[in-house]
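Working through the structure, step by step
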Amino acid sequence: MKNRIEIESIVNKCIKCGFCESVCPTLPAADYNSIIGARGRILLAQFAINNESQQLKIGDSFYSCLDCYACVQVCPAGINAGIVSELMKEGIADENSSEKNPVAEMIKSVVIKFKNPLGIPGECSRWAEDIEFDTSETIILTGDMYQLMPYTRYINKLRKYMDKNIFMAFARLIVKKPYIIKLSRHFYDRKLKSKMESSLKNIVSMLKKSDVKFNYLREDEPYPGTFLYDLGYRNEFTEYARELYDNLKSKNVKRIICVDPHTFDILKNKYPEVIENFDLDIVYYTDLLNLNFRKTKEKITVQEPCHMVLHGNTYRGMDILNNVADVKLPPESGKNTMCCGGPDELLFPEISENVSGERYRNLKNISRKIVTICPLCYNNLSYDEDVQDFSDFVKNLI
Ligand code: SF4
Ligand code: SF4
């Protein structure tokens, strides 16, 4: 199995204490099915590499991991079950394995063919039709995250009425005929689309007011291949990232402004792993805001993004919020933050919904108003109108 030695060196440190299970959001969300929890993933990986000849049903255990890295924060042995899941997915993706998830295979095929997870790059750039940008070596790169949320929400609504086997058969069909996915452009949540586009416009407006000069590549905006990485397709991701990097260099891009934590994390941390001498400056938009926000007495709580606080990234979003509002955080914050369930939305919608429901209640116990700093978090936690994206919340304070 690919990564055998690396996996072995991690999982053999496990002392089976189970501390990681106390913070792993997928375990209660999957009704305490132990292989859908952090310790179960470690033990299953250990068993799998020692019993390679056996046909084990292991895929769901690793594909359902949210890669939130909450487990490593409490593990006395310093084990990150998220990293183990990533390595195991890479092994599954690399082999001719029956464990490959049809939805993951569908997403891979579509991303490689259309450079967009739903094959709709034109739709994803439409929000900026009326906006003028500068000619600049700095670009804003949305990673299509805000734009894709209305489509994933709609698809998941449809899935509730669809037999799982039919959905999987549909995914397999798209692997063979990827162009079918383009039909998805007709299926989106209208209210959420308008909301997400408004958030992107707010971000652009605030950056402009902060006197930041930047361009937007519109229909040529590349999707960064985040799904390829997250689903374990390392070879495909490496090739994709190199091509995208060369493309950006040919356009004389020197600096990229990201507007969501997933795109920021992949460009900042994963691209340099596969591109020698990676020299693009990656910044998060909150760090460029230079505005005098009005202070408000409003009490808020905040969903901090795992891909920022648990993946070792820094950003100014929380500092800004602490300066302008009365912020109260739940105990599960900072290094103890809890994932919104977003990464499981397409492959394991039930787990995703259980995680998001739990986190929503947890935040609501602290404050009526919830501010999110990631479009996935917004999409998963916006059970009511009192949930607001960071961009919308602070834009109202200018
Ligand atoms: S907390 Fe660490 S050592 Fe304990 S069971 Fe989990 S992975 Fe193993
Ligand atoms: S990364 Fe998150 S979801 Fe995955 S095992 Fe660790 S705590 Fe659980």
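Chains are numbered independently. Their residues run from 1 in the order of the written sequence. Think of it this way: whatever chain is written first is A, whatever ligand is written first is 1, and the rest follow in order. Given that this is a predicted model, residues contribute local features only at a pLDDT of at least 70 and side-chain atom pairs are listed and counted only at 80 or more, while totals for whole chains, interfaces and linings are drawn from all residues. Hydrogens and water molecules were not included; the side-chain quantities draw on all heavy atoms of the structure.

Before going further, it helps to spend a moment on the sheet that holds strand S2 (residues 255-258). DSSP-based pairing: two strands are paired if at least 2 bridges between them are found. Where helices and strands are cited, they refer to DSSP runs of H or I of at least four residues and of E of at least two residues respectively, numbered from the N terminus. Strand order in the open sheet formed by 3 strands is S1-S2-S3, with parallel pairing between adjacent strands. Bordering the open sheet on either side are strand S1 (138-141) and strand S3 (281-284), each of which pairs with just one other strand. Averaged over all adjacent pairs, the angle separating strand axes in this sheet is 25°, with direction ignored. In terms of strand pairing, S2 meets S3 through 4 bridges, oriented parallel. Bridge pairing in S3 places Ile257 opposite Val283. Relative to S3, helix H13 (residues 261-274) is tilted by about 155°, and along the sheet it contacts S1, S2 and S3. Between N-to-C directions, angles span 0 to 180 degrees; the directions come from axes that are lines fitted to C-alpha atoms, helices contributing only their stretch in contact. In this description, contact between two residues means that some pair of their heavy atoms is separated by no more than 4.5 Å.

This paragraph deals with the site of ligand 2. Whether a residue is near a molecule or strand depends on its heavy atoms: if one lies within 4 Å, it is near. By nearness alone, 13 residues border ligand 2, and Cys24, Arg41, Cys65, Cys68 and Cys71 come closest of all. Elements with a contribution of two residues or more to the shell around ligand 2: helix H3 (38-50) and helix H5 (81-94). Classification convention: Asp, Glu, Lys, Arg as charged; Ala, Val, Leu, Ile, Met, Phe, Trp, Tyr, Cys, Pro as nonpolar; all other residues, Gly among them, as polar. Residues belonging to the shell around ligand 2 are distributed by class as follows: 10 nonpolar, 1 polar and 2 charged.

With that settled, the discussion passes to the site of ligand 1. Around ligand 1 sit Cys14, Ile15, Lys16, Cys17, Gly18, Phe19, Cys20, Arg39, Ile42, Cys75, Pro76 and Ile79, and that is every residue in its neighbourhood. Split by residue class, the shell around ligand 1 holds 9 nonpolar, 1 polar and 2 charged.

The next thing to look at is the environment of Ile5. Secondary-structure assignment places Ile5 in helix H1 (residues 4-11). In the structure, Ile5 is positioned 128 residues away from Phe133 in sequence and 49 Å away in space, judged by C-alpha atoms.

Assigned domains within the protein: domain 1 (4-99), domain 2 (103-288) and domain 3 (299-395). For domain 1 and domain 3, the distance between their C-alpha centres works out to 25 Å. Each partner contributes to the interface: domain 1 provides 15 residues, whereas domain 3 provides 16 residues. Buried area, as used here, totals the accessible surface that two parts lose on assembly, with accessibility defined by a 1.4 Å probe and the loss added over both. Around 1200 Å² of area is buried between domain 1 and domain 3 when both sides are counted, 70% of it from carbon and sulfur atoms. The three residues of domain 1 that bury the most area against domain 3 are Ala29, Leu66 and Gln73, which together make up 41% of that side's buried surface. N or O atoms closer than or at 3.5 Å make up a polar contact, with two conditions inside protein: a donor-capable atom paired with an acceptor-capable one, and, for residues adjacent in sequence, both atoms drawn from side chains. The interface formed by domain 1 and domain 3 contains 2 residue pairs in polar contact (both at pLDDT 80 or more). Elements supplying a minimum of two residues to the side of domain 1 that touches domain 3: helix H2 (26-29) and helix H4 (59-63). The residue inventory of the side of domain 1 that touches domain 3, partitioned by class, reads 10 nonpolar, 3 polar and 2 charged. Residue ranges labeled as domains rest on an automatic or database domain assignment.

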